[in-house]
Number of protein chains: 2
Amino acid sequence: MNDKLLKQYGEMAVRAGVNIQPGQTLIINAPITASDLVHHCANAAYDAGAKEVVVHYSDEKLSRIKMERTSQETLCDIKPWIQASYLDYIKSEGRAAILSITGGDPEIYKDIDVKKVNAASLAKMNALSEYRDYTMASRIQWCVIAVPSEGWAKKVFPELSAEEAVEQLWQTIFKVSHVEGDAVQNWKIYAKQRAVRRDKINAMKLKELHFTSSNGTDLHVGLADDRVWGGVSEYNEQGVEFIPNMPTEELFTAPHKDRVNGVVYGTKPYVYNGSLIEDFVLKFKDGKVVDFDAKSGKELLAELLNTDEGSSRIGEVALVPASSPINKENVLFYETLFDENAACHIALGQGYPGTVEGGEKMTTNQLLEKGVNDSVVHEDVMVGSADMKVTGICENGETVLIFENGEWVF
Amino acid sequence: MNDKLLKQYGEMAVRAGVNIQPGQTLIINAPITASDLVHHCANAAYDAGAKEVVVHYSDEKLSRIKMERTSQETLCDIKPWIQASYLDYIKSEGRAAILSITGGDPEIYKDIDVKKVNAASLAKMNALSEYRDYTMASRIQWCVIAVPSEGWAKKVFPELSAEEAVEQLWQTIFKVSHVEGDAVQNWKIYAKQRAVRRDKINAMKLKELHFTSSNGTDLHVGLADDRVWGGVSEYNEQGVEFIPNMPTEELFTAPHKDRVNGVVYGTKPYVYNGSLIEDFVLKFKDGKVVDFDAKSGKELLAELLNTDEGSSRIGEVALVPASSPINKENVLFYETLFDENAACHIALGQGYPGTVEGGEKMTTNQLLEKGVNDSVVHEDVMVGSADMKVTGICENGETVLIFENGEWVF
């Protein structure tokens, strides 16, 4: 893999992604296999005037051993130092920004009891809730990018050798992440272009979306009160612009947690806690999933839906055209960061405070009143298809066509 | 490198080294490049009934970037979570055991301002003092082993390619660490054998050692009151046996912090905080270094000696014969874990509470009264030579020959 492109990728993540500010601390969550990129990111951050770069390394093979061989009780006993390893910086002057590098083996926890895996995951989410609130509400700058692991690359390109698969996946990531050339500048242009359509859809004052497809999907998604549409960049509470996902192709907003009705079919496999859910269907009534099925991973899907009150409702709805550059790669990524940007999707669980007006400053109860869902999970599942039609109903009762045959009509 | 031997090495460290007990947590400090060994250690720990294995990964290339590019003020601002990442486990039921994997590039901080490096190191030592007390006083089980890094291996075998050097260093480590065959059993036998000489030297009731060598060394080391000699294994405060260093060839005890006089010449280069000190000489009066020199690293040595009141006095004196299996490899390791077991040595700085009778339960002041030195540092420097003579003076005034031409006489 080309070290020059890797360096550009790191600079892109640090300067355009988290957009590190002079005097800020950058925290990087990274797999140990991504250390070369971590070094580039660290140098890019110091070049931009960062105060300190702190790296939390993870090791998926160790995580697998731990998940298999540690009791559920111990896995759920999350020690305070783990959240402190973020809050010690976030709460200090100048705040911190978080760069998370994803890209592990999508089936790292395959064949381990899903109840145990989910209990451990849930315990961690709860133990880190104060930290997660900083990112969910965009109080601090954060960004997610990916680095191929062998396990992931082999899943995406099973016909290639491990080495070739990793190389191919790197090329694909570089391409869809606009890394070639001046990556930082590429993203500035890209964010401006996308803002045009975002502003258009905001001006429509949509109160409901209706999704239909030949696969049987027929879903009415009422939107939250005072919803706003977002895409590409956001602003932290001090007004610093950042890009939470790289790549990103979606425009998204808050559904109303009680106003979703109908049936929706999954169009891509979905990785949850290191195992696969494939060919699922969800039936909603008044916002809640009242029936569901899946060709594989049904038990896992049941666990997800039963996590808490909000995990069987949706917190995000996002529009992505079938012509998205990521979808055009014609690759199934088994990684939400990419697959969610290749198809329209909904997210089971928590909504983003930033998707209703003034939401970042609201309490959970105030957000719930607007219709923004609350949960410990936020799991994007792909439902977009090549012939998807999306119709919008505006606040004034008017009906507008938004997607036809999987594409924007405006 | 042979994965079977690597597995045995991990089992040795976990079962004979820290001797993990059922229900205990094992914390492993490891470089990211040692992940294969970490996985073996984790499995060995779970096989032995460990409750959980927690790994703190480090990345020396990142450490170098951080040391170069972070301000001294920020480097010295050690956040509380770092000590908590140990104490959260050590203080919980069942205690924890610590396995540290060393073996980084000995000159990782070469050409960085030594004052900055030392200030950062000192700040970390101070911030982790509560944790370090647990290991220094052997309240918990701990063990240090090594894994070759490229930088280290190339320093030890400069004539080989990086790959060959790493392989050669692995072979050497496996050999001197008794890994071949049943490594755990090897160490049991070895510990018993060594206990015989340890018991003999304890029975001599030595109050002073006198080191002389043709290189000019002429050093009188008065011993602490009620000193005891240790070697190979120790016992934590719950009576669990463990081996703190693998390999280990030394018998060691506490010098009296005020009763060291004369001159001593270094016989091996010494790595301090990622830089080298070579060909040093130390002159002691009433326990304190009153003059010193070094062919290289003199400024660094000055920093070390000036760290605090105790860093210019010694806290440990150790006897290692020239015929030590490690010395017989005829390799300069540039790594204290090995070099200190190839030659007699003294340690500047803190003494081990366990080297005076009942010391583990004494306060710092009580230990100082016995003559056990106190400091934030503990740095072993090698002074043994092929023609070293060591004479002992017993409490009853008798003189006994201990080493002649670098070898035990009994």
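That block above? That's the structure.
Parameters and conventions
- Residues numbered from 1 in each chain as written.
- Chains lettered and ligands numbered in written order.
- Predicted model: local features only at pLDDT ≥ 70, side-chain atom pairs only at ≥ 80, totals over all residues.
- Heavy atoms only, no water.
- Pairing = 2+ DSSP bridges.
- Helix = DSSP H or I, 4+ residues; strand = E, 2+ residues; numbered from the N terminus.
- Axes fitted to C-alpha atoms, helices over the stretch in contact; angles between N-to-C directions.
- Contact = heavy atoms within 4.5 Å.
- Buried area = accessible area lost by both parts, 1.4 Å probe.
- Salt bridge = Lys/Arg side-chain N within 4 Å of Asp/Glu carboxyl O.
- Polar contact = N/O pair within 3.5 Å; in protein donor to acceptor, adjacent residues only side chain to side chain.
- Least-squares fit on C-alpha atoms with pLDDT ≥ 70 in both.
- Phe/Tyr/Trp six-rings, centres within 6.5 Å; stacked < 30°, edge-to-face > 60°.
- Buried < 20%, exposed > 50% of the residue type's maximum accessible area, 1.4 Å probe, protein only.
- Lys NZ or Arg CZ within 6 Å of the ring centre and 35° of its normal.

**Points about the sheet that holds strand β2 (residues 52-58) of chain B**
All names here are of chain B. Spatial strand order, β2-β1-β3-β4: 4 strands in an open sheet with parallel pairing. What marks the edges here is a single partner per strand, and that holds for β2 and β4 (142-146). On average, adjacent strands in this sheet sit at an angle of 15° to one another, irrespective of strand direction. As paired elements, strand β1 (residues 25-31) and strand β3 (residues 96-102) share 5 bridges and run parallel to each other. Counterpart to Leu26 in the pairing with β3 is Ala97.

**Here we look at the interface of chain B and chain A**
The partner chain A presents 31 residues to the 31 residues of chain B that form the contact. For the pair chain B and chain A, the two sides together bury roughly 3000 Å², of which 60% comes from carbon and sulfur. At the boundary of chain B with chain A, the tally comes to 4 salt bridges. Inspection of the chain B/chain A interface yields 18 residue pairs in polar contact (both at pLDDT 80 or more). Where the side of chain B that touches chain A is concerned, the elements lending two or more residues are α2 (35-47), β2, α3 (60-69) and α5 (80-90) of chain B.

**A short note on the sheet that holds strand β9 (residues 251-253) of chain B**
Whenever strands of a sheet pair, they do so through backbone hydrogen bonds, lying parallel or antiparallel. Residues and elements named next belong to chain B. As summarised here, the arrangement of the 4 strands in space is β9-β14-β15-β16, forming an open sheet in which the pairing is antiparallel. Each of the sheet's edge strands pairs with one partner strand only, and the pair in question is β9 and β16 (378-382). When the angles between neighbouring strand axes are averaged without regard to direction, this sheet yields 25°. As paired strands, β9 and strand β14 (residues 314-319) are joined by 3 bridges and run antiparallel to one another.

**A few points about the relation of the copies chain B and chain A**
Two copies of one chain are present, and they are related through a rotation about an axis combined with an axial shift. Superposing chain B onto chain A takes a rotation of 180° plus a shift of 0.0 Å along the axis, which leaves an RMSD of 0.0 Å. A rotation of that kind, with that shift, is consistent with a two-fold axis. Within chain B, Trp81 of chain B has its C-alpha nearest the rotation axis, a separation of 2.5 Å.

**Quick look at the packing of aromatic side chains**
By the definition in use, this model includes 23 aromatic pairs over all chains. Between Phe333 of chain B and Phe338 of chain B, the ring centres sit 4.9 Å apart and the planes meet at 20°, which makes this aromatic pair stacked. Using a relative accessible area of 0% as the deciding quantity, one classes Phe333 of chain B as buried. One aromatic cluster in this structure is built from Tyr9, Trp170 and Phe174 of chain A. The positively charged end of Lys155 of chain A is found above the aromatic ring belonging to Tyr334 of chain A, 5.0 Å away from the centroid. Here the guanidinium or amino end of Arg197 of chain A rests over the ring plane of Phe410 of chain A, the centre of that ring lying 5.9 Å away.

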